Amino acid sequence: MSRKTPCAVGINLGHDGGAALVTPDEMIAIGEERLNRTRYSPGWQAALLYCLRAAGLRLDDVDLIVVSNVGRTPAVPSDTGLFHLGVEESRIRVLDHHLSHAYTAYCLGPYDMATVLVADGAGNHADTETFYLADPDGIERLGGNDPKRGRHGGIGATYEAFTEHLGWHPQEAGKTMALASYGNPAAYLAPLFDIHDTRVYGRLETTHARGVATLAAATGFDFGPPGSQGNHPRGIDAAAYLQDQVEQVLCALVQAIVSITGVSEVCMAGGVALNCVANDRIRRLPEVTGLFVPPPASDRGQALGNALYGLHHLTGELPRRPLTVDSFGRSYSDEEIELALNRDPRSGLVERRFAPFTWRRESDIPACAAQMLTDGRLVGWFQGGSELGPRALGNRSILADPRSTTGRDALNSRIKHREPFRPFAPAILAADASRWFDLDGPSPFMLLAPAVRHSARNRIPGVVHIDGTARVQTVDRATSPSFAALIEHFGALTGVPVVLNTSFNDREPIVETPADALATFQAGDLDVLCLGDYLVEKIR
C-alpha cells in the first residue's frame, strides 16, 4: 500500500468493542470478542493491532482515528486511551453514535439515494430512533425521537427490557424473537407503543426488567415470572406481544419517514435492525421498494461506520462499498493452518480438551464436505476471512443436513446447547431461493425471515421455524464460490440445494483463527472439520 493512500481507523469504545481500517482499496474489521474470546466484550486494542497487521501498516500510517461510544455524552479524545499510544489529538475525531450507524447502513448499501433509519437501545444525546436522507453528497439527519422522552420509551430499550425479564442478557434479543412465534400476541390488548408523526413513545416507565414489572403492575397484565426463559406460557405470550408490537411500530415509523423523505429505498441499522422477522414485514410495505440492512447492524458495526466516516472526512468523497458478502476478517494461509494442525505453540492453539485427530489435504473440499453432510455428519466449515456480523455466513460455520430434524437435534444436543425453540437457518443458492422461500430478491445476510414454500416444508424440516418461516441466507457463486460449490454438490447428491448453517461456536464468540476452530472442534462433538482445504477427523 502506498503511504499516499488515505487511511482511516474506526474504534468502538462501547460494548461489542472492536476496530476497523478503511482505505480507498480495502476494508478490514473485527470485534474484540473474536480475539479475546469473551462475548460482547468491550475493548479495541487487540482488534486495532489485528487490522494494522492485516493491512501491513503501523499506527503512524493512519491519518485519522474516529471513535464512538454509547451514552448520553459523547466521548472526548483524552478518554480514548489513544494518547498513551502516541496518537496526537489532531488525528482523533469523535463521531455521534447514530451517525456512525447511518454510515454503515448507507455506505454498504446498494442505493444511490436512501432513507436511513437507525434504531437501537441507546446512542448519544438520548437518541434511540433517528432518520436521515442519504445520497452521494452526504448523510443529512432529518429527525429523531423526542429528546425529552427517556430511552426507556424507545423500541430497542423496550425489547431489551422484556428480554431481561424473560431471563436473558439484554443483548440476547434473538432468543426473544424466536420464542415469540410460539405465543399469542393478542393475549394483551393495550398497545405497547404510541407514535406521533415520527416520534415513538413506549409505555415502559423505566429501563431493564423492572420496567416490565412496573408495566405489569400498572396494567394488570401477567407477563409470567421473571427469568422464565421460555418455560412459562405467559412469558411466551409476552414475547409474542412484544414482537408484534415492535413490528407494528417499526412499520408505522418507516411509513412516516418515507413520506417525509420521498425516497422509498430504505437502509436500516442499529441493534433493532437485526430483527429479521420485522425486516421481512417492512420489506413488504407498499411504501418500500427496497430494504438493505448491513450484517453488522448492531454496535458490532460501529467501528466500521466510524472508519467509513473517517475516509469521507479525509477524501471529501462519501465512500460507497455496496456489500455482497460479510467477510471483513483476514484469510489464513496453508502454513498458518498447518501450524495449528501440528499443535505448534506459534499457532496460538489452546486445547481445552485433548481429542486425537487425523488430517489430510483434499483436492475438492466442498465436494468432500457435501458428502459428509449427506452421510449425516456435522461439519465445521472454516474458509476465508471471518464475518463481522453476529451470523456466520459460510466462512465460520457449522453445517448439517436439513432434510430431517435429526441433524438439527444432534447439533443442539451435542454442540450448540441452545434453547429448543430457537431455529437454525438455511443456506441456499440465490438462483434456487424463490422456489423454496417466499423471496423476490437476494437475502445474503440472514436478515429476512420469509415463509418457506408449503411444497418445501416437509423436505427441509430441520430449518423451518414453528411459524413456517426461515431466516434464509442466499449464496452467490460469484462472491462465495467455495460455499456455493458445497451447496451445489449437496443438491446434486440429495435433490435438496439447501444446507443448515449456524455459527461456528459453542456458547463462545465465533471462531476467528485456525487454532480457535481446532480447539472448538476438539472440545465439542463435531464429526469433521474443513479447515481451508484440509479435512480433520477425530480418531474415535
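For the structure, check the block above.
Attention here is on the structure that accompanies the text. Not measured: the values here are computed from a predicted model. Throughout this document, residue positions are counted from 1 along each chain, in the order its sequence is written. Only residues with pLDDT of 70 or above have their local features reported here, since the model is predicted, and side-chain atom pairs are shown and tallied only from 80 upward, although totals for entire chains, interfaces and linings are computed over all residues. To obtain the side-chain values, all non-hydrogen atoms of the structure were included, while hydrogens and water were left out.

**Digging into the overall build of the chain**
Moving on, step 1. The secondary structure listing takes helices from DSSP runs of H or I that are at least 4 residues long and strands from runs of E that are at least 2 residues long, numbered from the N terminus. The helix and strand inventory of the chain stands at 16 helices and 20 strands.
Moving on, step 2. Based on C-alpha atoms, the radius of gyration is set beside the globule rule, defined as 2.2 Å times the residue count to the power 0.38. Rg of the C-alpha trace for the chain: 23 Å, near the compact-globule value of 24 Å for 540 residues, within the 12% margin.
Moving on, step 3. Expressed as lengths along the three principal axes of its C-alpha atoms, the size of the chain is roughly 60 × 60 × 40 Å.
Moving on, step 4. Here the term buried applies to any residue with accessible area under 20% of the maximum for its type, exposed to any over 50%, and partly exposed to those in between, with areas from a 1.4 Å probe on protein chains only. Looking at the 540 residues of the chain, the share that counts as buried comes to 61%.
Moving on, step 5. In this description, contact between two residues means that some pair of their heavy atoms is separated by no more than 4.5 Å. Put simply, 70% of the contacts in the chain that link residues at least 6 apart link residues at least 24 apart.
Moving on, step 6. Looking at the chain as shown, the accessible area adds up to about 20,100 Å², and 49% of this sits on carbon and sulfur atoms.
Moving on, step 7. For the chain, the distance from the average site of its 50 positive side-chain charges to the average site of its 63 negative ones is 4 Å. For every accessible area listed, the method is Shrake-Rupley and the probe measures 1.4 Å; residues are considered covered only by the protein chains on display. Only four residue types enter the charge count, namely Lys and Arg as positive and Asp and Glu as negative; His and the chain termini do not. Throughout, a charge is located at the NZ atom of Lys, the CZ atom of Arg, the CG atom of Asp or the CD atom of Glu.

**Details of the packing of aromatic side chains**
Moving on, step 1. Pairing of aromatic side chains here covers Phe, Tyr and the six-membered ring of Trp, requires ring centres within 6.5 Å, and sorts the geometry by plane angle: under 30 degrees stacked, over 60 edge-to-face, intermediate tilted. Under the definition given, this model contains 12 aromatic pairs.
Moving on, step 2. A ring pair is formed by F292 and F445, whose centres lie 6.4 Å apart and whose planes are at 85°; its orientation type is edge-to-face. In this pair, F292 sits in strand β12 (residues 290-292) while F445 sits in the loop between α13 (433-436) and α14 (454-457), placing the two residues 153 residues apart along the sequence.
Moving on, step 3. Exposure remark for F445: the relative accessible area of 6% places this residue in the buried category.
Moving on, step 4. Directly above the aromatic system of F382 lies the positively charged group of R396, at a separation of 3.7 Å from the ring centroid.
Moving on, step 5. Counting as a charge over the ring demands two things of the Lys NZ or Arg CZ atom: a distance within 6 Å of the ring centre and an angle within 35 degrees of the ring normal. Over the ring of F424 we find R418, and its NZ or CZ is 4.2 Å from the ring centre.

**Remarks on unusual backbone geometry**
Moving on, step 1. The phi dihedral of H208 falls on the positive side, at around 65°, and the residue is not glycine.
Moving on, step 2. Residue position: H208 is located in helix α6 (residues 208-219).
Moving on, step 3. When its relative accessible area of 30% is taken as the criterion, H208 is described as partly exposed.
Moving on, step 4. In this structure, H417 takes a positive phi of about 55° despite not being glycine.
Moving on, step 5. Overall, the relative accessible area of 35% leaves H417 in the partly exposed class.

**Describing the state of the cysteines**
Moving on, step 1. We call a pair of cysteine sulfur atoms a disulfide when they lie within 2.5 Å. Under the definition given, this model contains 0 disulfides.
Moving on, step 2. No disulfide involves C107; its sulfur sits 9.5 Å from the nearest other cysteine sulfur, which is in C267.
Moving on, step 3. You can call C107 buried: its relative accessible area is 0%.
Moving on, step 4. C530 supplies the cysteine sulfur nearest to C368, a cysteine that is in no disulfide, at a spacing of 5.8 Å.
Moving on, step 5. Note on C368: relative accessible area 14%, which makes it buried.

**Quick word on the nonpolar core**
Moving on, step 1. To define a nonpolar core, start from buried Ala, Val, Leu, Ile, Met, Phe, Trp, Tyr and Cys residues and group those joined through side-chain atoms within 4.5 Å. Core analysis: the biggest nonpolar cluster contains 81 residues, and V116, I155, F162, F223 and L304 have the highest contact counts within it.
Moving on, step 2. In terms of residue count, the dominant contributor to this core is helix α7 (residues 233-261) (11 residues).
Moving on, step 3. Look past the residues within four positions of V116 in its chain and what remains in contact with it is A102, A105, Y106, T130, F131, Y132, A134 and C267.
Moving on, step 4. Core analysis: the second largest hydrophobic core is formed by 64 residues, I11, W436, A456 and A470 among them.

**Digging into the sheet that holds strand β5 (residues 92-94)**
Moving on, step 1. Strand pairing follows a simple DSSP-based rule, namely that at least 2 bridges must link the two strands. Here we have 5 strands laid out as an open sheet, ordered β3-β2-β1-β4-β5, and mixed in their pairing. The open sheet is flanked by β3 (27-31) and β5, the only strands paired with a single partner. The sheet shows a mean angle of 15° between the axes of neighbouring strands, direction not considered.
Moving on, step 2. Here 5 bridges tie strand β1 (residues 8-12) to strand β4 (residues 64-68), and the two strands are oriented parallel to one another. Paired with N12 across the strands is S68, a residue of β4. Orientation is described by axes fitted as lines to C-alpha atoms, over the contacting stretch for helices, and by angles from 0 to 180 degrees between their N-to-C directions.

**Brief notes about the packing of helix α3 (residues 97-107) against helix α9 (residues 302-315)**
Moving on, step 1. At a closest axis distance of 8 Å, the pairing of α3 and α9 adopts a crossing angle of 80°. Considering the angle they form, α3 stands roughly perpendicular to α9. Residues H97, S100, H101, Y103, T104 and C107 of α3 form the contact with α9, whose participating residues are Q302, L304, G305, N306, L308, Y309 and H312.
Moving on, step 2. Among the residues forming the contact of α3 with α9, the class breakdown is 5 nonpolar, 8 polar and no charged. Here is the rule for angles: anything less than 35 degrees is roughly parallel, anything more than 145 is roughly antiparallel, 65 through 115 is roughly perpendicular, and the remaining ranges are oblique. Classes in brief: Ala, Val, Leu, Ile, Met, Phe, Trp, Tyr, Cys and Pro nonpolar; Asp, Glu, Lys and Arg charged; the others, Gly included, polar.

**Some thoughts on the sheet that holds strand β11 (residues 265-269)**
Moving on, step 1. Spatial strand order, β8-β7-β6-β11-β12: 5 strands in an open sheet with mixed pairing. The sheet is open, and its two edges are formed by β8 (138-144) and β12, each paired on a single side. Each neighbouring strand pair of the sheet contributes to a mean axis angle of 25°, computed without reference to strand direction.

**Re helix α15 (residues 481-494)**
Moving on, step 1. Expected span of a helix, by definition, is 1.5 Å for each gap between consecutive residues, and there is one gap fewer than residues. Between its first and last C-alpha, α15 extends 20 Å over 14 residues, near the 20 Å set by a 1.5 Å rise per residue.
Moving on, step 2. For α15, the complete set of buried residues consists of F483, A484, L486, I487, F490, G491 and T494. The buried side chains of α15 occupy one side of the element, clustering within an arc of 155° when seen end-on. The outward face of α15, more than 90 degrees from its buried face, is lined by the exposed residues P481 and A492.
Moving on, step 3. Tucked inside the fold, the buried residues of α15 contact α11 (365-374), β14 (379-382), β15 (396-400), β16 (425-429), β17 (473-475) and β18 (498-503).
Moving on, step 4. Following α15 by one or two positions, G495 has its phi on the positive side, about 80°. In this description, one arc is meant: the one made by directions from the helix axis to the C-beta atoms.

**Here's the deal with the pairing of β16**
Moving on, step 1. Burial analysis of β16 places 5 of its 5 residues in the buried class, which makes it a mostly covered element.
Moving on, step 2. The alternating pattern of β16 places A425, A427 and L429 and P426 and I428 on opposite faces, both of which are buried.
Moving on, step 3. Inspection of the sheet shows β16 paired to β18 by 4 bridges, in the antiparallel sense. Pairing of I428 across the sheet is with V498, part of β18.
Moving on, step 4. Pairing between β16 and β17: 3 bridges, direction parallel. Following the sheet pairing, A427 is matched in β17 by Q473.

**Side note on α9**
Moving on, step 1. With 14 residues, α9 extends 20 Å from end C-alpha to end C-alpha; this agrees with the ideal 20 Å at 1.5 Å per step.
Moving on, step 2. Burial runs high along α9: 11 of the 14 residues are buried.
Moving on, step 3. Buried residues in α9 make contact with β1, β2 (18-22), β3, β4, β5 and α3.

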